[in-house]
Amino acid sequence: MEQRFVAKNAQLTKDSFTTRWQAPSNIALVKYWGKTAPQLPKNASVSFTLSNAVTKTEVAFTLLEEPSEKVTFSIVFEGEEKPSFRPKLEAFFANILPYQPFLAHYKLTITSQNTFPHSSGIASSASSMAALAACLVDLESQFVPLSEEDKMSKISFLARLGSGSACRSTQGPMMAWGSHAAISNSTDLFAVTAANIHPVFTDFCDAILLIDKGQKQVSSTLGHKLMHQHPYAEQRFAQANDHLAELLPILQQGDLDAFIAIVEKEALHLHAMMMTSDPYFILMEPNTLSVINRIWMFRKETGIPVCFTLDAGANVHVLYPNNVAEAVNQFIEAELLQFCQYRQCVHDKVGTGIKKY
Ligand code: PMV
């Protein structure tokens, strides 16, 4: 139990309170894969915060006559009640209730929507948990004095308890999560902004190619679990921490060749862990590999610094600096969209994090 995050002596001065927050998705450059309870990472990770792939969440809090043992809530997502969302939310609320005991006194009416295509395979757990955590901390700040910094770390802390990578969606342009010797304020408990980023990275583009919109065959929850018995787990955790140490000066200097080498290696090592788990699994599709090969050919022929990364699925994130966006967008249109389901691609770029709306 992290005492510093427990909301103590909250005076419930509100019978009702409504708040709306939006939070973006994020894409990891150094990947988090493997954790221990309660949602603590086995290695440090760093990600670009995105701006267009966003979850918007409204929470209306109404004071109950009697406090309940569990958090009382209803959830409507994109206009429909979602009983299938309840187990994950129930687990989340059980995890955070000790940190926000005042929630037992309220009924929460949650209404949420994503700006990106529904079931596109774009991970929405990061954006949705960060948006919800922002609403919860907004209520807390009505009862307990919190500085801006306290609010940000609490939002990231609560979001982490919902979905690990969600803690990296709160601020931009980049966030690091996990204790690491090279980042002085880093911690396993919440994400912090990565400082001194070269301007080339502050408006970096991410075109998310929707290769396969189907249900993932293996959830990231199971994937993380399989790292417990994994023969290469310890080497992988050490490698990710080494990659982060190497990447930090590269991010400050704006060295794109060195950036590409680490980012692509990270993506392939993440998937190599999946392929060498027991049971093993493959989340890439043939079209994922076709896209990767086309990117490599294009980069070799043109010298344009475009690269790819992957998260836990078949979709490809195409990463490139804003000053080559026109050429890369033409290349995507001409050569990559043919490998996407329904030629779908979500154009995103680095952003600033959560926002009240
Ligand atoms: O936050 P989770 O439990 O969905 O795990 C996310 C894992 C990756 O997206 C594959 C990597 C990362 O660091 O975001």
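Preceding block: the structure.
Summary of the structure given here. For clarity, every value in this text was computed on a predicted model and none was experimentally measured.

1. So, the pairing of strand β10 (residues 205-209)
And then number 1: With five of five residues buried, β10 lies mostly within the body of the structure.
And then number 2: Burial along β10 is two-sided: the residues C205, A207 and L209 and D206 and I208 are all buried.

2. A word on the packing of helix α8 (residues 286-302) against helix α9 (residues 325-336)
And then number 1: Two elements in contact, α8 and α9, have axes whose closest approach is 11 Å; the angle formed by their N-to-C orientations is 135°. Accordingly, the angle class assigned to the pair α8 and α9 is oblique. The chirality of how α8 crosses α9 is right-handed. On α9, the residues that touch V291, R294, I295 and F298 of α8 are A327, V328, F331, E335 and L336.
And then number 2: When its residues are assigned to classes, the contact of α8 with α9 shows seven nonpolar, no polar and two charged.

3. Digging into the packing of aromatic side chains
And then number 1: If you walk through the whole model with that rule in mind, you get 19 aromatic pairs.
And then number 2: Aromatic side chains F5 and F157 sit 4.0 Å apart centroid to centroid with 10° between the ring planes, which places their arrangement in the stacked category. Here F5 is found in the segment before β1 (16-30), whereas its partner F157 is found in helix α3 (residues 148-162), with 152 residues between them in sequence.
And then number 3: Ring geometry for F77 against F85: centres 5.2 Å apart, planes inclined by 50°, an arrangement best described as tilted.
And then number 4: Classification of F85 by relative accessible area gives partly exposed; the value is 29%.
And then number 5: Seen from the ring of Y357, K56 lies directly overhead, with NZ or CZ sitting 5.0 Å from the centre.
And then number 6: Stacked on the ring of F73, the Lys or Arg R86 has its end atom at 4.0 Å from the ring centre.

4. Brief notes about the sheet that holds strand β12 (residues 316-320)
And then number 1: In spatial order, the strands read β11-β12-β10-β13; together these four strands make up an open sheet with antiparallel pairing. Of all the strands in the sheet, the pair left with one neighbour each is β11 (307-309) and β13 (345-349). With strand direction ignored, the average angle separating the axes of adjacent strands in the sheet is 25°.
And then number 2: Two elements, β10 and β12, share five bridges in a ladder whose sense is antiparallel. Its bridge partner lying in β12, D206 is registered against L319.
And then number 3: Packed on one face of the sheet, helix α7 (residues 256-275) meets β11 and β12 and runs near 30° to β11.
And then number 4: Of the strands in this sheet, β10, β11 and β12 are in contact with α8, which crosses β11 at around 155°.

5. Observations concerning the packing of helix α2 (residues 125-143) against α3
And then number 1: At a closest axis distance of 8 Å, the pairing of α2 and α3 adopts a crossing angle of 135°. Considering their axes alone, α2 and α3 lie oblique with respect to each other. At the point where α2 passes α3, the crossing takes the right-handed sense. Note on element contacts: α3 touches α2 through K151, K154, I155, L158, A159 and G162, opposite M129, A130, A133, A134, L136, V137, E140 and S141.
And then number 2: Broken down by class, the residue content of the contact of α2 with α3 amounts to nine nonpolar, two polar and three charged.

Quick notes on the rules
Residues numbered from 1 in each chain as written. Predicted model: local features only at pLDDT ≥ 70, side-chain atom pairs only at ≥ 80, totals over all residues. Heavy atoms only, no water. Buried < 20%, exposed > 50% of the residue type's maximum accessible area, 1.4 Å probe, protein only. Helix = DSSP H or I, 4+ residues; strand = E, 2+ residues; numbered from the N terminus. Axes fitted to C-alpha atoms, helices over the stretch in contact; angles between N-to-C directions. Parallel < 35°, antiparallel > 145°, perpendicular 65-115°, else oblique. Left-handed = near helix turned anticlockwise from the far one by under 90°. Contact = heavy atoms within 4.5 Å. Nonpolar A, V, L, I, M, F, W, Y, C, P; charged D, E, K, R; others polar. Phe/Tyr/Trp six-rings, centres within 6.5 Å; stacked < 30°, edge-to-face > 60°. Lys NZ or Arg CZ within 6 Å of the ring centre and 35° of its normal. Pairing = 2+ DSSP bridges.

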